[in-house]
Number of protein chains: 2
Amino acid sequence: MDERPIGVFDSGTGGLTVVKALRDLLPDEKIFYLGDTARVPYGGKSASTVERYSLEIADILIEENAKIVVVACNTASSLALPKLEKHLPVAVIGVIRPGARAAVAATRNDHIGVIGTRATIKSGAYERELRALNPDIRISVRACPLLVPLIEEAWLNDELTDRVIGRYLEPLVREGIDTLVLGCTHYPLLVDALSRALGERVKLVDSAHNCATAVRELLDRQEFRAPSGTLGGLEIALTDTPDNFLRVAREALQLEIGEIQLREVLHGAATL
Amino acid sequence: MDERPIGVFDSGTGGLTVVKALRDLLPDEKIFYLGDTARVPYGGKSASTVERYSLEIADILIEENAKIVVVACNTASSLALPKLEKHLPVAVIGVIRPGARAAVAATRNDHIGVIGTRATIKSGAYERELRALNPDIRISVRACPLLVPLIEEAWLNDELTDRVIGRYLEPLVREGIDTLVLGCTHYPLLVDALSRALGERVKLVDSAHNCATAVRELLDRQEFRAPSGTLGGLEIALTDTPDNFLRVAREALQLEIGEIQLREVLHGAATL
């Protein structure tokens with residue numbers, strides 16, 4: 001039993017889809033979410049910079065007494081996980097490994113598709129994780145840079161968005177994928193649109209949901225779950241003004257978001 | 001007569017549309033372009049951060065012996081121009097004032113539209129400049145966050161892009177604008193698509209082109225033009241790997257882009 005909060009961080013507010021999955025799966029838990037909107041996006045920045053930013057942000061979660069740190073950011077999960085695991089006094093879970101595991105478990109024809117931002121796809125992080133789990137897997141990837149701005153416009157169920165998705169996914173479907181990994185924390189807001197495009201032929205693997213499942217398993221293993229019947233809750237802090245995703249997520253995810261705190265990042269404070 | 005180069009900077013590679021306009025208008029001039037791709041985007045960052053970044057980048061142009069500094073970036077033009085003018089030993093020209101001047105000269109019904117990124121529109125920079133020129137002007141603005149990613153996909157003449165543009169511009173046209181300012185350096189690549197959407201009812205004001213015209217006027221006034229018949233040219237340096245716009249711009253603008261240099265920004269080197 002452990003009433004300390006689960007600490008979650010992201011470069012922006014996209015990680016709130018992971019928070020939503022955690023709230024649904026673990027309603028008794030307190031969650032402290034920290035979005036580094038002052039330095040968003042991490043994608044495109046060098047590995048050492050992303051490591052430094054991630055450590056600085058995770059340190060704030062540790063100060064908030066987090067019992068576990070969830071890296072709800074694809075770029076930080078891909079580049080900073082080893083460093084975070086080495087330096088933090090608590091367990092760390094990212095979004096990439098849980099998504100890759102779920103995809104390998106779901107595929108029947110061993111052909112998996114991965115979509116994400118240009119930076120995530122370029123990093124090859126999902127391909128590495130998938131091949132580590134099954135070296136014979138076939139992988140088709142596609143960067144979908146228009147999807148985040150479409151989500152930020154709140155054009156979630158919209159013919160234009162359907163057309164863009166159709167154009168992005170058509171080659172992957174033609175190549176024969178039977179499973180598609182949503183390799184960006186924003187994408188769960190497009191689950192309906194993606195399902196419309198793919199029909200029942202292709203299984204969707206939502207990294208946010210699978211990350212939450214991995215958190216539950218870890219808390220159970222370490223006996224770190226909050227006592228059942230505890231009043232869970234959500235605190236949100238950002239390092240600068242919110243990006244546009246927050247407005248859309250508030251409605252689409254139906255998250256109870258109270259007052260948003262502003263936290264300054266102290267440069268050089270990280271225990272490098 | 002002055003054979004020193006024109007220095008041009010931007011947070012990324014979008015400012016190459018200004019370079020293209022300068023090359024067309026002033027073929028005898030040497031141009032040194034510096035894109036701060038390590039810290040792109042400036043939009044969304046605080047005013048003091050944008051001032052500091054702009055001074056650091058402009059210092060590199062001064063080291064390159066620039067005879068004038070062109071701020072080919074809407075955010076830096078909006079936030080850092082006074083600071084740059086105060087600290088640099090050469091004249092500074094941004095993209096916003098020349099665009100606003102051209103729009104006020106072009107409108108017949110004193111109703112001007114402005115499109116740009118979310119950060120540019122939120123800054124109100126064009127509205128301030130337009131109202132300073134004519135306090136009675138009517139202004140309709142619209143943030144168009146999908147246009148840059150559409151351009152970076154190279155979907156320049158594409159039915160999907162036409163549909164997105166139609167949705168963005170329809171309210172401005174309905175409100176009665178007769179002039180539209182392209183308040184983002186990427187947008188000149190969509191001039192054909194924008195013209196298709198607007199027909200001949202609405203005049204397009206291309207900030208890149210008007211900025212180049214302002215540069216020519218200033219060089220003439222200061223007798224800083226390169227000797228006629230000089231072999232002009234273009235050098236490009238970036239502070240990190242190129243963003244995706246470069247690939248698209250190379251083809252769409254038909255700029256002769258040679259080898260791209262990499263320049264490190266020395267933090268704190270700016271003469272604040």
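**With respect to the interface of chain A and chain B**
Chain A puts 19 residues into the contact, and the matching count from chain B is 19 residues. Counting each side, the surface lost to burial between chain A and chain B is near 2,000 Å², with a carbon and sulfur contribution of 52%. Counting the contacts that link chain A with chain B gives eight salt bridges. Counting every contact that joins chain A to chain B gives eight residue pairs in polar contact (both at pLDDT 80 or more). Put simply, the parts of the chain that give the side of chain A that touches chain B at least two residues each are helix 8 (147–152) and helix 9 (159–175) of chain A. Element by element, the count of residues in the side of chain A that touches chain B is highest for helix 9 of chain A, at six residues. Looking at side-chain class alone, the side of chain A that touches chain B contains nine nonpolar, two polar and eight charged residues.

**Some thoughts on the pairing of strand 1 (residues 6–10) of chain B**
All names here are of chain B. With five of its five residues buried, strand 1 lies for the most part within the structure. The alternating pattern of strand 1 places Ile6, Val8 and Asp10 and Gly7 and Phe9 on opposite faces, both of which are buried. Bridge analysis of strand 1 against strand 2 (residues 30–35) gives five bridges, and the strand direction is parallel. Looking at the pairing, Phe9 lines up with Leu34 of strand 2. Between strand 1 and its parallel partner strand 2, the chain crosses via helix 1 (residues 16–25), and the hand of that crossover is right-handed.

**Notes on the pattern of salt bridges**
Residues and elements named next belong to chain A. Under the criterion given, the structure shown has 34 salt bridges over all chains. We note a salt bridge from Arg52 to Glu56, for which the minimum N-O separation is 3.5 Å. Of the two residues, Arg52 and Glu56 are both situated in helix 2 (residues 47–63); the distance of four residues between them amounts to about one turn of the helix. Its relative accessible area of 30% is what places Arg52 among the partly exposed residues. In this structure, Arg196 engages Asp162 in a salt bridge whose closest nitrogen and oxygen atoms are separated by 3.0 Å. Residue Arg196 is found in helix 10 (residues 191–198), and its partner Asp162 is found in helix 9; the two are separated by 34 residues along the sequence.

**Quick word on unusual backbone geometry**
All names here are of chain A. With omega at -5 degrees, the peptide bond leading from Val40 into Pro41 counts as cis. One can find Pro41 in the loop between strand 2 (30–35) and helix 2. For Asn65, which is not glycine, the phi dihedral falls at a positive 75 degrees. Within the element layout of this structure, Asn65 appears in the loop between helix 2 and strand 3 (68–71). Judged by its relative accessible area of 42%, Asn65 is partly exposed.

**What about the relation of the copies chain A and chain B?**
For the pair chain A and chain B, the best superposition has an RMSD of 0.0 Å and corresponds to a rotation of 180 degrees with a translation of 0.0 Å parallel to the axis. Such a combination of turn and shift is consistent with a two-fold rotation axis.

**So, the sheet that holds strand 1 (residues 6–10) of chain A**
All names here are of chain A. Here we have six strands laid out as an open sheet, ordered 4-3-1-2-9-10, and parallel in their pairing. Every interior strand has two partners, whereas the edge strands, strand 4 (91–94) and strand 10 (260–262), have only one. Here the strands of the sheet are splayed against their neighbours by 25 degrees on average, with no regard to which way each runs. The sheet contacts of helix 2 involve strand 1, strand 2 and strand 3, and relative to strand 1 the element is tilted by about 155 degrees.

**Comments concerning the domain arrangement of chain A**
Residue and element names in this part refer to chain A. We note that the domain assignment places domain 1 (6–94 + 209–262) and domain 2 (97–207) within chain A. Relative placement of domain 1 and domain 2: their C-alpha centres are 22 Å apart. Every contact between the two is made by 24 residues of domain 1 and, on the other side, 22 residues of domain 2. In total, domain 1 and domain 2 occlude about 1,600 Å² of area from one another, counting both sides; carbon and sulfur atoms represent 60% of this. When the area that domain 1 buries against domain 2 is broken down by residue, the three leading residues are Asn74, Asn210 and Phe245, summing to 35%. Put simply, domain 1 and domain 2 have zero salt bridges between them. Every element with two or more residues in the side of domain 1 that touches domain 2 is listed here: helix 1 (16–25), helix 3 (74–79), strand 4, helix 11 (207–221) and helix 12 (245–252). The element contributing the most residues to the side of domain 1 that touches domain 2 is helix 12, with five residues. Looking at the side of domain 1 that touches domain 2 residue by residue, the classes come out as 11 nonpolar, 11 polar and two charged.

Calculation rules
- Residues numbered from 1 in each chain as written.
- Chains lettered and ligands numbered in written order.
- Predicted model: local features only at pLDDT ≥ 70, side-chain atom pairs only at ≥ 80, totals over all residues.
- Heavy atoms only, no water.
- Contact = heavy atoms within 4.5 Å.
- Buried area = accessible area lost by both parts, 1.4 Å probe.
- Salt bridge = Lys/Arg side-chain N within 4 Å of Asp/Glu carboxyl O.
- Polar contact = N/O pair within 3.5 Å; in protein donor to acceptor, adjacent residues only side chain to side chain.
- Helix = DSSP H or I, 4+ residues; strand = E, 2+ residues; numbered from the N terminus.
- Nonpolar A, V, L, I, M, F, W, Y, C, P; charged D, E, K, R; others polar.
- Buried < 20%, exposed > 50% of the residue type's maximum accessible area, 1.4 Å probe, protein only.
- Pairing = 2+ DSSP bridges.
- Right-handed = clockwise from strand over helix to strand, strands pointing away.
- Least-squares fit on C-alpha atoms with pLDDT ≥ 70 in both.
- Axes fitted to C-alpha atoms, helices over the stretch in contact; angles between N-to-C directions.
- Domains from an automatic or database assignment.

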